[in-house]
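One-letter residues, chain by chain:
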Amino acid sequence: MKKKLSIVGMIFGVALVFVGILTLSGALGGDPSYPSFATPPYDSGYALFSSDYSTYSVNNSAEAASAARAAAYTIAHVAEFLTTFLGIMSTLLGLAVGGFSGIVFVYSGTAPAVAAPSAPTANNINYNSSAFETAERARKEAAERARKEAAERARKEAAEKSAE
């Protein structure tokens, strides 16, 4: 089951990478239409006479059109940024999903079964362990020292008895 899901994951990852590349190249999402550069805002001033009102309203309409053009230009830049960002994120997510699925595919079902460690008993003590060897060596050295001391004492006692 893991192998089948990992194959599906790898296919999905490759598809995400493909979509990301298409998005970055501009094939998906389209090209935003850029309006002409917005001119700086113009203040038409206050209308004092009735003949000035016509000029005033025309100038204000031009200002509104200029502001709409500037807003459209800004929205186009935001759309281009989002398209680039989503293309990069799609590509990276596709690489991550595909890579993880590939790792799962390679290692699924191939790991050897590991037996749980059991408590030591008389039958399964590791006599080659360094702690056991150190303790055994210390016990043997202490026994040898005690035997030599006992032999030295016995020799001294025998020498004292023979001297008497």
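What counts, and where the lines are drawn
Once a new chain begins, its residue numbering starts again from 1 and follows that chain's sequence as written. Local features in this predicted model are restricted to residues of pLDDT 70 or higher, and side-chain atom pairs are both shown and tallied only at a pLDDT of 80 or more, whereas totals for entire chains, interfaces and linings draw on every residue. No hydrogens and no water enter the side-chain calculation; it runs on all heavy atoms of the structure. Runs of H or I in DSSP of at least four residues are treated as helices and runs of E of at least two as strands, each being numbered from the N terminus. In this scheme, a residue with accessible area under 20% of its type's maximum is buried, one over 50% is exposed, and one in between is partly exposed, where area comes from a 1.4 Å probe on protein chains only. Shrake-Rupley sampling with a 1.4 Å probe provides the accessible areas, and residues are treated as covered by the protein chains on show and by no other component. Criterion for a salt bridge: a side-chain nitrogen of Lys or Arg within 4 Å of a carboxyl oxygen of Asp or Glu. Two aromatic rings, drawn from Phe, Tyr or Trp (for Trp, its six-membered ring), form a pair once their centres lie within 6.5 Å of each other, and the interplanar angle then sorts them: stacked below 30 degrees, edge-to-face above 60, tilted otherwise. A helix is expected to span 1.5 Å multiplied by its residue count minus one. pLDDT expresses, on a scale from 0 to 100, how confident the predictor is about each individual residue. Patches draw on residues past 30% relative accessible area with no salt bridge. Two like charges within 9 Å are joined, as are two nonpolar side chains (Val, Leu, Ile, Met, Phe, Trp, Tyr) within 5 Å.

1. What to know about the overall build of the protein chain
Thinking step 1. If you tally the helices and strands in the protein chain, you get three helices and zero strands.
Thinking step 2. The N-to-C order of helical and strand elements in the protein chain reads α-α-α.
Thinking step 3. Going through the 164 residues of the protein chain one by one, you find that 12% of them count as buried.
Thinking step 4. For the protein chain, the accessible area works out to roughly 13000 Å², and carbon and sulfur atoms hold 67% of it.

2. Some words on the pattern of salt bridges
Thinking step 1. This model, assessed by the stated rule, comprises three salt bridges.
Thinking step 2. One salt bridge connects Glu144 with Arg147, and the closest N-O pair in it is separated by 2.3 Å. Residue Glu144 and its partner Arg147 are both found in helix H3 (residues 130–163); the two are separated by three residues, about one turn of the helix.
Thinking step 3. A relative accessible area of 32% places Glu144 in the partly exposed class.

3. Here we look at the environment of Val19
Thinking step 1. Its place among the elements puts Val19 in helix H1 (residues 2–25).
Thinking step 2. For the pair Val19 and Thr91, spaced 72 residues apart in the sequence, the C-alpha separation amounts to 7.3 Å.

4. Points about the packing of aromatic side chains
Thinking step 1. All chains considered together, the criterion is met by one aromatic pair.
Thinking step 2. Each ring, one from Phe81 and one from Phe85, has its centre 6.3 Å from the other, and the planes form 20°; the classification is stacked. Of this pair, Phe81 and Phe85 both sit in helix H2 (residues 50–107), four residues apart, which is roughly one turn of that helix.
Thinking step 3. On the accessibility criterion, Phe81 (55% relative accessible area) is exposed.

5. Quick word on H1
Thinking step 1. Taking 1.5 Å of rise per residue, the 24 residues of H1 would be expected to cover 34 Å, and the 34 Å separating its terminal C-alpha atoms lies within 8% of that figure.
Thinking step 2. The complete set of buried residues in H1 reads Ser6, Gly9, Gly13, Leu16, Val17, Gly20 and Thr23.
Thinking step 3. Of the residues one or two after H1, Gly26 is the one with positive phi, at around 95°.

6. Examining the confidence of the model for the protein chain
Thinking step 1. Summing up the model confidence of the protein chain, the mean pLDDT is 76 and the portion of residues at 70 or higher is 69%.
Thinking step 2. Mean pLDDT in the protein chain bottoms out at H2, which sits at 82, and peaks at H3, which reaches 85.

7. Quick word on a nonpolar patch on the surface
Thinking step 1. A cluster of nonpolar side chains, Leu24, Val78, Phe81, Leu82, Phe85, Leu86, Ile88, Met89, Leu92 and Leu95, forms an exposed patch at the surface whose accessible area comes to about 950 Å².
Thinking step 2. Broken down by element, the residue count for the nonpolar patch peaks at nine residues, all from H2.

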